[in-house]
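Coordinate inspection notes
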Amino acid sequence: MTKDRNKESNKTDSRDLTTGNPFVVLLKFSLPMVLSMVFQQLYNVVDSIVAGRFIGSSALAAVGASSPVTVLFIAVATGCSIGSGVIVSQLFGLKEKGRLKSAVYTTLLSVAALSAVLTVVGLIVCNPLLRLLDTPSGIFDDSAAYLSIYVWGLVFVFVYNAVNSVFTGLGDSRTPLFLLIFSSLLNIGLDLLFVTVFEMKVAGLAWATFIAQALAAIVALVWLLVKTKKIKTEEKVKAFDGKLLKRIAVVAVPSICQQSFISIGQLCVQSVINGFGEEVIGGYTAAMKVSIMAVSCYNTVSNAISSFTGQNIGAGKSERVKSGLNCGLLLGAVLVAAFITLFLTLGRNLVGLFVTGEGTTGVIDSGGLFLTVVGFGYPLVLVKLCCDGVLRGAGDMTSFMISTFSDLVLRVALSFILAPYMGFMGICLSYPIGWAGGMAVSLAFYLRGKWKTKIKV
């Protein structure tokens, strides 16, 4: 029976994470996911590099000022995809193919409806949000134009994230990698075309992202529907299952809250940053693009741990989860060492990639300082995220939420408390201190072991 299951998994490119050496299984599963994240963040970085070098430092600041708002929408999309991915991974571990297919279809219908609602909301609230954040008048129009185009493409952002999360829940980490390579290279090419040839400025960056995300979402959706159809079931599959939506929501809503509150916290921090002027905004934007690439890699390892945990909890093999966590920590430690070394030796040079010409010293100084300080907090955030991955994958969302909020509240509070006395350095220090608090809470919940209880799906 196991042999037959493995055959079917291979035919659909799915990977059973409940058998084999946990270390080897998770390593093979997570590496394509990390590469996927590198490509995803690569085109976010290129957006800012093209803005700073080919348009000007004010364009870089404009994209940076709009980023907290776009991240807020991405947070909702990510939270939805996390919910569907966890439930799909648990159903995969249980071998309930009919309900698994229903979960896929229910996810797609739900995210399409939600993204349509948020598109309307976004068109109404984006400009007021920029004003609330005290966005400098010199970059307000460019930020507003970028956001407006971005919001029209939200449906593609939601579908793309949901599809990739389902693939991951099925144990398929290669397909998201291929899709991200495609969308990343397309976005980079369009960035250069629209800005350097057509001279569309900041709007060109937004249209490049819109088109690349739309094509990637369409390809991903078709690919998933074909793959789902190959899963043979005896019972009739529901196109929409309210009970499964409720189960997905149990994981998704806390994840949305988690991601959204992080984004709201970033909005609050951005309001403090905006008070330091365009040079600091530009430096912070450039440094955050680079730092987010690092933290996103650690978060990707956490997502791999979630899928591994979900499948094994679903299969009643909670004893394998600790080995999966250890593998994730080891892989993450290699990434942490690489990023810290890179930032300490070439941090200022990396920020310098985003700007050119005179008057960029302040941008480079601010960005270099940020990368140096936050880099020392990476071991802390790695441990936090990996433990979070276990809690989320097992469905222990209360512990997961408490861990996240402790980090967030501490980080935002410290930004407001330290900035008046320490300036931009206070913002930088708030990150590692907040991560330390979050790590302590998440590790305590993991060691408590409530996550070992098998969750009913």
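All figures in this text were calculated on a predicted structure; none of them were measured in a lab. Counting restarts for each chain: residues are numbered from 1 in the order of the written sequence. For this predicted model, a pLDDT threshold of at least 70 governs which residues receive local features, and a threshold of 80 or more governs which side-chain atom pairs are given and counted, while totals over whole chains, interfaces and linings are taken from all residues. Calculated side-chain values reflect all of the structure's heavy atoms, with hydrogen atoms and water omitted.

1. Comments concerning the overall build of the protein
- A tally of regular secondary structure across the protein gives 15 helices and zero strands.
- Over its C-alpha atoms the protein spans a radius of gyration of 21 Å, differing by no more than 12% from the 23 Å that the globule rule assigns to 457 residues.
- Across its three principal directions, the C-alpha atoms of the protein cover 70 × 45 × 35 Å.
- Accessible area is worked out with a 1.4 Å probe on protein chains only. A residue is then buried under 20% of its type maximum, exposed over 50%, and partly exposed in between. In the protein, which comprises 457 residues, the share counted as buried stands at 58%.
- Any two residues whose heavy atoms approach within 4.5 Å at even a single point are treated as in contact. If you take every contact in the protein between residues at least 6 apart in sequence, the share linking residues at least 24 apart comes to 84%.
- Summing over all exposed atoms, the protein offers an accessible surface of approximately 17,900 Å²; the carbon and sulfur share of this is 67%.
- Charged side chains of the protein number 36 positive and 23 negative; the gap between the two group centres comes to 14 Å. Starting at the N terminus, helices and strands are each numbered in turn, a helix being any DSSP run of H or I of at least four residues and a strand any DSSP run of E of at least two. Each radius of gyration reported is based on C-alpha atoms, and the globular scaling rule is 2.2 Å times the count of residues to the power 0.38. Where accessible areas are quoted, they stem from the Shrake-Rupley method and a 1.4 Å probe; at the residue level, only the protein chains shown are allowed to cover. We score Asp and Glu as negative and Lys and Arg as positive, and we do not count His or the chain ends. Think of each charge as sitting on NZ of Lys, CZ of Arg, CG of Asp or CD of Glu.

2. Structural notes on the nonpolar core
- Only buried residues count toward a nonpolar core. Its members are Ala, Val, Leu, Ile, Met, Phe, Trp, Tyr and Cys residues joined through side-chain atoms within 4.5 Å. Grouped together as the largest cluster of nonpolar side chains are 97 residues, with contacts concentrated most on Y284, Y298, F370, Y378, I427 and Y431.
- A per-element tally of this core places helix α10 (residues 278-314) first, with 16 residues.
- Look past the residues within four positions of Y431 in its chain and what remains in contact with it is V269, Y284, M288, F370, V374 and R411.
- If you look at the next biggest cluster of nonpolar residues, it comprises 23 residues, including L133, A144, Y150 and F158.

3. Comments concerning a nonpolar patch on the surface
- Side chains of F178, F182, W207, I211, L215, V219 and W223 sit close together on the surface and give an oily, nonpolar patch of about 600 Å² of accessible area.
- Broken down by element, the residue count for the nonpolar patch peaks at five residues, all from helix α8 (residues 201-229).
- Here F178 lies in helix α7 (residues 174-197). Residues with no salt bridge and a relative accessible area higher than 30% make up the patches, which join like charges within 9 Å and nonpolar side chains (Val, Leu, Ile, Met, Phe, Trp, Tyr) within 5 Å. For this analysis, a salt bridge means a side-chain nitrogen from Lys or Arg found within 4 Å of a carboxyl oxygen belonging to Asp or Glu.

4. A word on α10
- Here the expected length of a helix is defined as 1.5 Å per residue gap, with one fewer gap than residues. Here α10 contains 37 residues, and its C-alpha end-to-end distance of 50 Å stays within 8% of the 54 Å for a straight helix at 1.5 Å per residue.
- Of all 37 residues that make up α10, 31 are buried, and the element is covered over most of its length.
- Taken from the residues just after α10, G316 is the one with a positive phi, measuring 75°.

5. A few points about the confidence of the model for the protein
- Mean pLDDT for the protein: 83, with 93% of residues reaching 70 or above.
- The low-confidence segment residues 1-12, where pLDDT is below 50, has 11 contacts with residues more than four positions distant or belonging to other chains. For every residue, the predictor reports its confidence as pLDDT, a number between 0 and 100.

6. Quick look at the layout of surface pockets
- Think of a 1 Å grid over the protein atoms and nothing else: a 1.4 Å probe that fits but is trapped marks a cavity, an open set flanked by protein within 12 Å on at least five of seven lines marks a pocket, and residues with an atom within 4 Å of a point count as lining. Grid points are joined across faces, edges and corners, and a volume is the space filled by probe spheres set on the points. Counted as a void, the largest pocket has a volume near 170 Å³.
- Looking at the lining of the largest pocket element by element, the count peaks at six residues for helix α9 (residues 242-274).
- For this scheme, ten residues count as nonpolar: Ala, Val, Leu, Ile, Met, Phe, Trp, Tyr, Cys and Pro. Four count as charged, namely Asp, Glu, Lys and Arg, and the remainder, Gly too, count as polar. The residue inventory of the lining of the largest pocket, partitioned by class, reads nine nonpolar, two polar and no charged.

7. Overview of the side chain of S403
- Within the fold, S403 resides in helix α14 (residues 397-422).
- Leave out the neighbours within four places in its chain, and S403 touches K384, D388, G438, V441, S442 and F445.

8. What to know about the packing of helix α3 (residues 57-94) against helix α4 (residues 97-132)
- What counts as an axis is a line fitted to C-alpha atoms, over the stretch in contact for a helix, and the angles between N-to-C directions run from 0 to 180 degrees. Contact pair α3 / α4: the axes reach a minimum separation of 11 Å and the direction vectors enclose 170°. Relative to α4, α3 is oriented roughly antiparallel. Seen from α3, the contacting residues are A65, S66, V69, F73, V76, C80, S84, V88, L91 and F92; seen from α4, they are R99, L100, A103, T107, V111, L114, L118, G122, C126, L129 and L130.
- Partitioned by chemical class, the residues of the contact of α3 with α4 number 16 nonpolar, four polar and one charged. Angle categories are assigned with fixed cut-offs, so that under 35 degrees is roughly parallel, over 145 is roughly antiparallel, 65 to 115 is roughly perpendicular, and the rest are oblique.

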